[in-house]
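This is what each chain is made of:
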Amino acid sequence: LTVSESFPLEARALAIASILPVIVPLWKLTPPQIGLMISAGFLGQLLGALLFGWIAERYGRMTAMIWSIALFGVMSLVCALAWDYNSLLLFRTIQGIGLGGEVPVAAVFISELAKARGRGRFVLLYELVFPIGLVAASLVGLWVVPHLGWQYMFVIGALPALLTLALRRLLPESPRWLAVHGREAQAQAAMALIETETQKATGRPLPPPKPVVSTLNKPASLADLFGPLYLRRTLVVWVIWFSSYFVNYGLSIWLPTVYRTVFKLPLDVSLRYGLITQAAGLLGTLICALAIDHVGRRLWFASSFAAAAVALA
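Bear in mind the structure is a predicted one, so any value in this text is a computation, not a measurement.

Asker: Describe the environment of His 294, naming the residues involved and giving the relevant values.
Answerer: Within the fold, His 294 resides in helix H11 (residues 267–295). Judged by relative accessible area, His 294 falls into the exposed class, the value being 70%. Distance in space between the C-alpha atoms of His 294 and Arg 121 is 9.5 Å, their sequence separation being 173 residues.

Asker: Before we move on, can you summarise helix H4 (residues 85–113) with the specific residues and values?
Answerer: Its 29 residues place the ends of H4 42 Å apart at the C-alpha level, agreeing with the 42 Å of an ideal helix rising 1.5 Å per residue. One side-chain oxygen at the N-terminal end of H4 lies 3.4 Å from the backbone nitrogen of Asn 86; it belongs to Asp 84.

Asker: Mind laying out the packing of aromatic side chains, listing which residues take part and the relevant values?
Answerer: Using the criterion set out here, one finds seven aromatic pairs in the structure. Between Trp 27 and Trp 150, the ring centres sit 5.7 Å apart and the planes meet at 80 degrees, which makes this aromatic pair edge-to-face. Residue Trp 27 is found in helix H1 (residues 2–27), and its partner Trp 150 is found in the loop between helix H6 (129–148) and helix H7 (151–167); the two are separated by 123 residues along the sequence. Ring centres of Phe 242 and Phe 246 lie 5.8 Å apart, and the angle between their planes is 20 degrees; on these two criteria the pair is classed as stacked. Here Phe 242 and its partner Phe 246 are both found in helix H10 (residues 231–261), four residues apart, which amounts to about one turn of the helix. With respect to class, Phe 242 is no different from Phe 246; both count as exposed. Aromatic ring contacts, followed pair by pair, group Trp 27, Trp 150 and Phe 154 into a single cluster.

Conventions adopted
- Throughout, residues of each chain are indexed from 1 in the direction in which the sequence is written.
- Confidence filtering applies because this is a predicted model: local features only for residues at pLDDT of at least 70, side-chain atom pairs given and counted only at 80 or more, and all residues used for totals across whole chains, interfaces and linings.
- In computing side-chain values, all of the structure's heavy atoms are included and hydrogens and water are not.
- Strands here are runs of E lasting at least two residues and helices are runs of H or I lasting at least four, both read from the DSSP assignment and numbered beginning at the N terminus.
- Under the scheme applied here, a residue whose accessible area is under 20% of the maximum for its type counts as buried, over 50% as exposed, and between as partly exposed, the area being computed with a 1.4 Å probe on protein chains only.
- A helix is expected to span 1.5 Å multiplied by its residue count minus one.
- For this analysis, a polar contact is any N or O atom pair within 3.5 Å, provided that within protein one partner can donate a hydrogen and the other can accept it, and provided that sequence-adjacent residues contribute only side-chain to side-chain pairs.
- Note on ring pairs: Phe, Tyr and Trp rings are taken, using the six-membered ring of Trp, and paired if centres are within 6.5 Å. Classes follow the plane angle, with under 30 degrees stacked, over 60 edge-to-face and the rest tilted.

As structure tokens, then:
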């Protein structure tokens, strides 16, 4: 269910790429206005990550995911009602708050349930949903925008997100979060549910639990990111995410508009070329997910960034 909700969210994040070739000439937008329209969603994501990250720590992963998905789905419908540039800019910013809250909290929720062995492959197979969503957005936009209008991209993106709210009852709260907050009975109930469903899915009993090394539990702090233990990791992760978002989303969202306005290609051709880019990204993510536990994180990061630099050059 966490995977299914991330699919429409990521597809919805890129839907702006499909509608820009239409609204740019319609509203006579300038390049700075286009850039601000694209950036507005990411500004909202930054705010949402901070807000819902705090909610997830204080009130639980499920609470944060429910409210972030609800905000995202409602604002996606509101975006379809936008009447001009300024209204869509405001609505997309608020919509981004929901998206920015759901994505990291869902990743934390999954990592807290995944076993240590094979965790890299498991988490990356979850992350595979994101490029699938990007390809889906390009495919849907290829037909919907020319035939139904750009507003329907927002409506289509909202419906699956709202549907996942009804399925939330089937997922338990993170047992790890419950245990850390002293709610032992609820943590045991959540683990019992997970174990029962796992045995049903595999058709065999679970192996006996292995002993684990106990750790000192203390509240997390933003200051920890810049302490001696995590400072280097913080800087590396920041560089990785900054570069990935700068290049991937910069290309993904701008390219259909560049094809349309600079190279004067027809709308359907511009959207089709954007789809090719997303399909290549999906293939790369799949290869990464299957090979990461064999190749290793550092070598894969280095090789991927070097290949991206050569391609951009």
